[in-house]
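Take a look at the letters that make up each chain.
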Amino acid sequence: MRVRVISRSSDEFTRERSQDLQRVYRNYDPSLRPQAKQVEYKRAINAAKLEKIYAKPFITALDGHRDAISCMAKNPSYLKGIFSGSMDGEIRLWDIASRRTVCEYPGHEGAVRGLTVSTDGRTLVSCGTDCTVRLWKVPDFNVMESYGDENGSPKAVDHQWGGNIFATAGARVDIWDHSRSQPVNTFEWGTSTVVSVRFNPGEPNILASSGSDRNIMLYDLRMSSPARKIIMMTRTNSIAWNPMEPMNFTAANEDCNCYSYDARKLSEAKCVHKDHVSAVMDIDYSPTGREFVTGSYDRTVRIFQYNGGHSREVYHTKRMQRVFCVKHSFDATYVISGSDDFNLRLWKARASEQLGVLLPRERKKHEYHEALLHRFKHLLEVKRVMRHRHLPASIYKARKLRQTMTDAERKKEERRRAHSGPSGGVQKKRLRRSRIVAEVD
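The sections below set out a description of the structure shown in this document. (Residues numbered from 1 in each chain as written. Predicted model: local features only at pLDDT ≥ 70, side-chain atom pairs only at ≥ 80, totals over all residues. Heavy atoms only, no water.)

Our next topic: the overall build of the chain. Check the secondary structure of the chain and you find six helices and 29 strands. Each of the three principal axes of the chain carries a C-alpha extent, and together these read 105 × 70 × 45 Å. Out of the 441 residues belonging to the chain, those deemed buried represent 44%. At a minimum sequence separation of 6, the contacts of the chain that also span at least 24 residues come to 48%. Accessible surface, the chain: about 24,200 Å² in total, of which carbon and sulfur atoms supply 50%. (Helix = DSSP H or I, 4+ residues; strand = E, 2+ residues; numbered from the N terminus. Buried < 20%, exposed > 50% of the residue type's maximum accessible area, 1.4 Å probe, protein only. Contact = heavy atoms within 4.5 Å. Areas by Shrake-Rupley, 256 points an atom, 1.4 Å probe, with all protein chains shown as cover.)

On to the pattern of salt bridges, then. Pairing between side chains of opposite charge can happen when their charged atoms approach one another. Applying the stated criterion across every chain yields a total of 25 salt bridges. Ionic pairing is found between Glu268 and Arg430, a salt bridge with its closest N-O pair at 2.3 Å. Taken together, the positions of Glu268 in the loop between β20 (258-262) and β21 (271-273) and Arg430 in the loop between α5 (393-418) and α6 (431-434) put the pair 162 residues apart, joining distant regions of the chain. Taking the relative accessible area as the measure of exposure, Glu268 reaches 11% and is therefore buried. For Asp407, the salt bridge goes to Arg410, with nearest N and O atoms at 3.8 Å. Of the two residues, Asp407 and Arg410 are both situated in helix α5; the distance of three residues between them amounts to about one turn of the helix. Residues joined by salt bridges that share partners form a network here, namely Arg66, Glu90, Arg92 and Glu104. (Salt bridge = Lys/Arg side-chain N within 4 Å of Asp/Glu carboxyl O.)

Turning our attention to the sheet that holds strand β5 (residues 100-106). Strand order in the open sheet made by the four strands is β2-β3-β4-β5, with antiparallel pairing throughout. What marks the edges here is a single partner per strand, and that holds for β2 (69-74) and β5. Each neighbouring strand pair of the sheet contributes to a mean axis angle of 20 degrees, computed without reference to strand direction. Across six bridges, strand β4 (residues 90-95) lies against β5 in antiparallel orientation. Note that in β5 the partner of Leu93 across the bridge is Cys103. (Pairing = 2+ DSSP bridges. Axes fitted to C-alpha atoms, helices over the stretch in contact; angles between N-to-C directions.)

Formed by 17 residues in total, the largest nonpolar core has its most connected members in Ile216, Leu218, Trp241, Phe249, Tyr259, Tyr261 and Leu266. Elements supplying a minimum of two residues to this core: β15 (206-211), β16 (215-220), β17 (228-232), β18 (236-241), β19 (248-253) and β20. With residues up to four places along the chain from it excluded, the contact list for Phe249 reads Ile216, Leu218, Ile239, Ala240, Trp241, Asn242, Tyr259, Ser260, Tyr261, Ala263 and Leu266. Phe187, Val194, Val197 and Tyr219 belong to the second largest nonpolar core, which has 13 residues in total. (Core = buried A, V, L, I, M, F, W, Y, C linked by side-chain atoms within 4.5 Å.)

Counting buried residues in strand β27 (residues 334-339) gives five out of six residues, a clear majority hidden from the surface. Sheet topology places strand β26 (residues 323-328) next to β27; five bridges connect them, and they run antiparallel. What sits directly across from Val323, in β27, is Ser339. Looking at chain direction, β27 and strand β28 (residues 343-348) are connected through five bridges and run antiparallel. By the bridge assignment, Val335 is partnered in β28 with Trp347. In textbook terms, the turn of a hairpin is the stretch between consecutive antiparallel strands, and for β27 and β28 this stretch comprises three residues, one of which, Phe342, has a positive phi near 75 degrees.

A cluster of nonpolar side chains, Met1, Val3 and Val5, forms an exposed patch at the surface whose accessible area comes to about 440 Å². By the secondary structure assignment, Val3 is in the segment before α1 (10-13). (Patch = residues over 30% accessible without salt bridge, like charges linked within 9 Å, V, L, I, M, F, W, Y side chains within 5 Å.)

By definition, a disulfide is the covalent link that joins the sulfur atoms of two cysteine residues. Under the definition given, this model contains zero disulfides. Of the cysteine sulfurs around Cys103, a residue in no disulfide, the closest is that of Cys71, at 16 Å. A disulfide-free cysteine, Cys325 has its sulfur positioned 6.6 Å from the sulfur of Cys71, the nearest such atom. (Disulfide = S-S within 2.5 Å.)

The subject of this paragraph is the environment of Thr116. Note on placement: Thr116 falls in strand β6 (residues 112-117). C-alpha separation for the pair Thr116 and Leu135, spaced 19 residues apart in sequence, amounts to 9.8 Å. Not counting the four nearest positions on each side in its chain, Thr116 is found in contact with Ala73, Thr123, Leu124, Val125, Val157, Asp158 and His159. Here His159 takes part through its backbone nitrogen, which lies 3.2 Å from a polar atom of the side chain of Thr116. (Polar contact = N/O pair within 3.5 Å; in protein donor to acceptor, adjacent residues only side chain to side chain.)

Time to look at the packing of aromatic side chains. Tallying each qualifying case throughout the model produces ten aromatic pairs. Aromatic side chains Tyr285 and Phe292 sit 5.3 Å apart centroid to centroid with 55 degrees between the ring planes, which places their arrangement in the tilted category. By relative accessible area, Phe292 is classed as buried at 0%. Centre to centre, the rings of Tyr315 and Trp347 are 5.2 Å apart; their planes meet at 15 degrees, and the pair counts as stacked. On the criterion of sequence distance, the pair formed by Tyr315 in strand β25 (residues 311-315) and Trp347 in strand β28 is long-range, its members being 32 residues apart. (Phe/Tyr/Trp six-rings, centres within 6.5 Å; stacked < 30°, edge-to-face > 60°.)

Right, let's talk about the side chain of Thr294 for a bit. Relative to the assigned elements, Thr294 resides in strand β23 (residues 291-296). In this structure the side chain of Thr294 is engaged in a polar contact, spanning 2.8 Å, whose partner is the side chain of His276.

Glancing now at unusual backbone geometry. Positive phi, close to 75 degrees, is recorded for Arg214, a residue that is not glycine. Mapped onto the elements of the fold, Arg214 is located in the loop between β15 and β16. Even without a glycine there, the phi angle at Asp275 is positive, about 135 degrees. By secondary structure assignment, the location of Asp275 is in the loop between β21 and β22 (280-285).

Most of β22 sits out of view: five of its six residues are buried. Bridge count between β22 and β23: five bridges; the pairing is antiparallel. The residue bridging Asp282 from the neighbouring strand is Gly295, located in β23.

The following block contains the structure:
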């Protein structure tokens, strides 16, 4: 009689040291687990529901300003610090970790319109409605220089990446140097007021601006005149470059949408980001370049994927009023918003993320849930749970009204094409092209 026994050697499953990984033997034959896919599908649904249950994005509100917050700036050399400027001319430096004001200074006699910090984090540049541009030393917050702008009050300011040059936007785009009290270069194209300006993070000599006459312009500091310009149907309030794809930028527009463009091809938008029901006031990219945050006049903050047409998250509170400025933290973990109710608000970039130190098994569990959601996100029930959001009644009604107006406009275009001549006098235009009026080189 033959007897078969299972024999195991202790050398195969015993760890030599406590730091070694535990060896696990597993048979991956799918015939042994015929219900594996169904079990994982049910786990994906539960993971999506748990994500909604634990979604508590709001962390705290930083109060102290005595007027509406108009602009913010991040310090590249100090992760926990953020600057904010208000309509009463006050500038504050906040420590996000301790949630307190580190330093405050009434820098301007009018509203502060723009803030930016140099790449080394030592110099803060501010501009306001008192027609001055001021440079501050960040450590002790003393005024280094104060420049007067003879062409009206600047509307925005931005610093070059890795240099001593910064640009101000007003009646024209002025290029300044830290060591000079007069602009080293000036760009003009038309008579409109420039409302925003941004330097390219990958190519320091390239910058983009938007004007009140609905244009978006590209400049090259090595040239004596602006390079290219497109004219849209509505005004662009702010521009943000993608830090991981420096040739792409996204424009926050007055028509409730954001438009992503490739600087090499401005005749068509790469993607149209919808969901806001009022003008988008500010925009800022995450350091990863995979998503960006927007603040709108409809009193909400939304987070979009860089190639997604609809928002991934929407944040709102009962007390938060119109959002004028938003920023992503340099570690892509937090979102900071400044609104009309004198407060800065700190949010989590991922609403259900667990803050603090995670145990290894907790981290593995979160990674497993994310993998399940990524695998089954296209299925109807999982998609329904992930997309569901509770919105205020005002936003819900405004969205229904906007949808009605959009449907009416679409029907009007369809009837116009149907009753046009056989030669095709009215052509159908995609939304990516229809919002662009002209492109000028």
